[in-house]
Amino acid sequence: MEVKAAGKSQRKRLQRQLEFYMSESNLRQDKFLQQTMDEEGFIPVRVFLSFNKLKSLNATERMILDEAEKSSTIRVDRASCCIAPKVVPVAGQDLQADARTIYIDSFSATDDHDSLRRTFAKFGKVNLVSLPRFPQSKKFKGFGFVEFSDQSAANNASAKSSDADLRGIRVMSKTRWIQMKEQLKRQLSCPDGDLATGNDIDKVDSASTPDNSSTCDVMSNATGKKKKRRRKRAVGGGHLHFGDDEGGEEGASGSEDNREATKKQKT
């Protein structure tokens, strides 16, 4: 009886994982799966069999097809042994994704996609947890993003950044993070530009720039005596990360899985 229950649980986990692979949130940023899709959005099952996540579930071709057929979000073509999302995402279609996403850092070194998903699930349904890596070393960049299915969940999470359940994880909206990143880029383009503090950027955001003054002038005035400061510091300690939020991302589908699958296709 216990073996049967374990098998049922395993298949349910397999179905959830397949639904994640085929979700709009994942396919929008998973370049590997995008490249393996045909014009109708179908992906060969053999591609998924190479993923470590599915290997850990002892998934077989038949199991994948069976569980995909039970899903309301996946199409199955048994003849060609392929599966596809029922709605194929269009590049750039989801313009509201950033509004539903939060930036996070200061989480534990032991945290992973699953633990962070559980942490933020209290605010609403989590579509995607992304933890960018450095392209060469493959080490995590020290920050990440959590995309919710609803913007109100993201707003709520940002407002509760001091919540004890977040274990000291720093949270802000991704739109705010993008604004600060752009402000930083503009400041660094100034001849004498320095990295501004969060308060400085707030001043710049609210400043009314005269017609004859540049953004560089405003940033210079905002930083004032802080010109010797060379690092971006946030209120509460620790610096914000402004690395590329796209290159080297790894969602729950696992870039490691994708890299391994790519190697097998090349050999």
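Anything mentioned here points back to the structure above.
Predicted model only: the values in this text are computed from it and were never measured.

Asks: What is the right way to read the overall build of the protein chain from this model?
Replies: When helices and strands are counted, the protein chain shows 12 helices and 7 strands. In the protein chain, buried positions account for 45% of the 267 residues. Partitioning the contacts of the protein chain with sequence separation of at least 6, the portion at a separation of at least 24 is 66%. As presented, the protein chain carries roughly 14800 Å² of accessible surface, and 50% of it is formed by carbon and sulfur atoms.

Asks: For this particular structure, what's the right way to read the nonpolar core?
Replies: For soluble globular proteins, nonpolar side chains are generally found buried alongside one another. Residues Leu18, Tyr21, Leu33, Phe48, Leu54, Ile64 and Ile83 are the most contacted members of the largest nonpolar core, which totals 25 residues. Those elements giving two or more residues to this core turn out to be α1 (2-21), α3 (31-36), α4 (45-49) and α6 (61-70). Discounting chain neighbours no more than four positions away, the residues touching leucine 54 are Leu14, Gln17, Leu18, Tyr21, Phe48, Ala59 and Ile64. Counting residues in hydrophobic clusters, the runner-up holds 17 residues, among them Ala153, Ala157, Leu166 and Val171.

Asks: I would appreciate a short explanation of unusual backbone geometry in the present structure.
Replies: Only a minority of non-glycine residues have a phi that is not negative, and only a minority of peptide bonds are not trans. Positive phi outside glycine occurs at lysine 138, with the angle close to 65 degrees. Relative to the helices and strands, lysine 138 resides in the loop between β5 (126-130) and β6 (143-148). One non-glycine residue, arginine 167, adopts positive backbone phi at about 55 degrees. Structurally, arginine 167 is set in the loop between α8 (151-159) and β7 (170-173).

Asks: Looking at this structure, I do not really get the pattern of salt bridges. What am I missing?
Replies: As a working rule, side chains carrying opposite charge can pair if their charged atoms are close by. Evaluated as defined, the whole model comprises 12 salt bridges. Measuring nitrogen to oxygen at the nearest pair gives 2.5 Å for the salt bridge that ties glutamate 147 to arginine 28. Here glutamate 147, found in strand β6, pairs with arginine 28, found in helix α2 (residues 24-29); they are 119 residues apart in sequence, far enough to count as distant. Using a relative accessible area of 4% as the deciding quantity, one classes glutamate 147 as buried. The class for arginine 28 is partly exposed, based on a relative accessible area of 25%. Between aspartate 66 and arginine 62 there is a salt bridge, and its shortest N-O distance comes to 3.7 Å. Pair noted here: aspartate 66 and arginine 62 are both in helix α6, with a separation of 4 residues, about one helical turn. One salt-bridge network, in which partners are shared between bridges, spans Arg62, Asp66, Glu69 and Arg78.

Asks: Would you mind showing me how to read the side chain of serine 71 here?
Replies: Among the secondary structure elements, serine 71 is positioned in the loop between α6 and β2 (74-77). Once residues lying within four places of it in the same chain are set aside, the contact partners of serine 71 are Gln15, Glu19 and Lys86.

Asks: Could you clarify how one ought to interpret α8 in this entry?
Replies: For α8, every residue scored as buried is listed here: Ala153, Ala154, Ala157 and Ser158. Looking down the long axis of α8, one finds its buried residues gathered within 135 degrees of arc, a one-sided arrangement.

Asks: So what exactly am I meant to see when it comes to the packing of aromatic side chains here?
Replies: Two descriptors summarise a pair of aromatic rings, namely the distance from one centre to the other and the angle between the planes of the rings. Applying the stated rule across the entire model yields 12 aromatic pairs. Consider the rings of phenylalanine 145 and tryptophan 177, whose centres lie 5.1 Å apart with planes at 75 degrees: the pair is edge-to-face. Within this pair, whereas phenylalanine 145 is found in strand β6, its partner tryptophan 177 is found in helix α9 (residues 174-188), the two being separated by 32 residues in sequence. The class of phenylalanine 145 is buried, set by a relative accessible area of 4%.

Asks: Can you walk me through the sheet that holds strand β1 (residues 43-44) in this structure?
Replies: In a beta sheet, neighbouring strands pair by backbone hydrogen bonds and run either parallel or antiparallel. Here 3 strands make up an open sheet; going across it, the order is β1-β3-β2 and the pairing antiparallel. Of all the strands in the sheet, the pair left with one neighbour each is β1 and β2. The pairing of β2 with strand β3 (residues 82-85) spans 4 bridges and is antiparallel. Within β3, the residue paired with isoleucine 74 across the bridge is proline 85.

Asks: Would you mind going over the pairing of β5 with me for this structure?
Replies: A regular strand places its side chains on the two faces of the sheet in alternate fashion. Buried residues dominate β5, accounting for 5 of its 5 residues. In terms of strand pairing, β5 meets β6 through 4 bridges, oriented antiparallel. Its bridge partner being in β6, leucine 128 is matched across the sheet by glutamate 147.

Asks: What is the right way to read the sheet that holds β7 from this model?
Replies: Here we have 4 strands laid out as an open sheet, ordered β5-β6-β4-β7, and antiparallel in their pairing. Each edge of the open sheet is held by one strand with a lone partner, namely β5 and β7. Going across the sheet, the axis of each strand differs from the next one's by a mean of 25 degrees, ignoring polarity. Relative to β6, strand β4 (residues 101-105) runs antiparallel, the two sharing 5 bridges. The residue of β6 that forms the bridge with tyrosine 103 is phenylalanine 145. Set on the sheet, α9 makes contact with β4, β6 and β7; between it and β7 the angle comes to about 85 degrees.

The rules behind these values
Residues numbered from 1 in each chain as written. Predicted model: local features only at pLDDT ≥ 70, side-chain atom pairs only at ≥ 80, totals over all residues. Heavy atoms only, no water. Helix = DSSP H or I, 4+ residues; strand = E, 2+ residues; numbered from the N terminus. Buried < 20%, exposed > 50% of the residue type's maximum accessible area, 1.4 Å probe, protein only. Contact = heavy atoms within 4.5 Å. Areas by Shrake-Rupley, 256 points an atom, 1.4 Å probe, with all protein chains shown as cover. Core = buried A, V, L, I, M, F, W, Y, C linked by side-chain atoms within 4.5 Å. Salt bridge = Lys/Arg side-chain N within 4 Å of Asp/Glu carboxyl O. Arc of directions from axis to C-beta. Phe/Tyr/Trp six-rings, centres within 6.5 Å; stacked < 30°, edge-to-face > 60°. Pairing = 2+ DSSP bridges. Axes fitted to C-alpha atoms, helices over the stretch in contact; angles between N-to-C directions.

Such coordinate-based values are descriptive only and should not be taken to indicate function.
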